[in-house]
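A look at the structure
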Amino acid sequence: MAELEGLEAVVAGTNLSISDDTWVWKGSSSGLFSVSSLRGLMALNQGVNGSMADFQWVSWVPIKVNCFVWRLLCNKIPVAYNLLLRGVVINELSCKWCGSEMDSIEHVFFNCSFSEHIWIWFGAWSGLFVTAPTCIEDLISILKIPGGSKKRKKLELTLLYSVVWVIWKTRNALVFNNRRNSSLKAADEIQLLSFNWFKNRSMFRNSCWSDWSISPFLACSL
């Protein structure tokens, strides 16, 4: 009897209609499901920081790179510092490039002399900034600067994602294969990789490499 009364209490506030049943997604005002609305709910419910909430999925970039950037903003990249926090025994905690600081996300991607040289070069090549970023929040601030079309913003994201991806790949080549690449070689890889993504995954399939090597925005007039 108690169970019946409980059930009646649950359905007491339910209004029934003669229309067909439909699915309604409460995560958006339209009632329609979208990945972006789900991401917004996850960011809100998990209490993630601002940089995580500002993450944007870029279709011009491979899925694995989008996932990598997502994890980077979640601070889930397995650098030595993060592994140490998880209780993993690490023999070498210092940065393999410079050896001056611990192998952490902020150091590997922004503050190591290797990555600093890449960001300085990238700023000059892309024209996205004058002062090189020193943390993820700086990148988000750059992307949130008003102005420009949606396609231009998408290209900016593509370029920035290629930078952090190449930095990570180059770091891993040194850590696991003892292969040390120069910042100039990494810069060449960033140019080529981002060009291939842009040319093959966007509508700008007639983009010219010679223009791209000068400026990515010159190649597509964005």
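Residues numbered from 1 in each chain as written. Predicted model: local features only at pLDDT ≥ 70, side-chain atom pairs only at ≥ 80, totals over all residues. Heavy atoms only, no water.

**Re the packing of helix 7 (residues 113-126) against helix 9 (residues 150-177)**
Rules: Note on geometry: axes are lines fitted to C-alpha atoms, helical ones only across the stretch in contact, with angles between N-to-C directions running from 0 to 180 degrees. For the purposes of this entry, the term helix denotes a DSSP run of H or I that reaches at least four residues, the term strand denotes a run of E that reaches at least two, and both are numbered from the N terminus. Convention used here: angles under 35 degrees read as roughly parallel, angles over 145 as roughly antiparallel, angles from 65 to 115 as roughly perpendicular, and any remaining angle as oblique. The handedness criterion is simple: a crossing whose near helix is rotated anticlockwise from the far helix by less than a right angle is left-handed, and one whose near helix is rotated clockwise is right-handed. Contacts are assigned to residue pairs that have any heavy atoms within 4.5 Å of one another. Here the nonpolar group is Ala, Val, Leu, Ile, Met, Phe, Trp, Tyr, Cys and Pro; Asp, Glu, Lys and Arg are the charged ones; every other residue, Gly included, is treated as polar.
One way to put it is that helix 7 packs onto helix 9 with a least axis distance of 11 Å and a crossing angle of 155 degrees. The angle between helix 7 and helix 9 falls in the class roughly antiparallel. For the element pair helix 7 and helix 9, the recorded crossing hand is right-handed. The segment helix 7 lies against helix 9, with Phe114, Ser115, Ile118, Trp119, Phe122, Trp125 and Ser126 engaging Leu159, Leu160, Val163, Val164, Ile167 and Thr170. Of the residues assigned to the contact of helix 7 with helix 9, the class counts are ten nonpolar, three polar and no charged.

**Structural notes on the side chain of Gln191**
Here Gln191 shows up in helix 10 (residues 183-201). Look past the residues within four positions of Gln191 in its chain and what remains in contact with it is Trp121, Trp125, Trp209, Trp212 and Ser213.

**Quick notes on the pattern of salt bridges**
Quick note on the threshold: Salt bridges are defined by distance alone: a side-chain nitrogen of Lys or Arg within 4 Å of a carboxyl oxygen of Asp or Glu. Classification of residues uses two cut-offs on accessible area relative to the type maximum, computed with a 1.4 Å probe and protein chains only: under 20% is buried, over 50% is exposed, and between them is partly exposed.
Within this structure, the stated rule accounts for four salt bridges. With a closest N to O distance of 2.6 Å, Asp103 and Arg171 form a salt bridge. Linking Asp103 in the loop between helix 5 (80-85) and helix 6 (105-111) with Arg171 in helix 9, this pair joins segments that are 68 residues apart in sequence. A relative accessible area of 4% places Asp103 in the buried class. The closest approach of N and O atoms between Glu156 and Lys153, which form a salt bridge, is 3.7 Å. In this pair, Glu156 and Lys153 are both assigned in helix 9, three residues apart and thus about one turn of the helix distant. For the pair Glu156 and Lys153, a shared accessibility class is recorded, and that class is buried. Residues participating in the shared-partner salt-bridge network are Arg152, Lys153 and Glu156.

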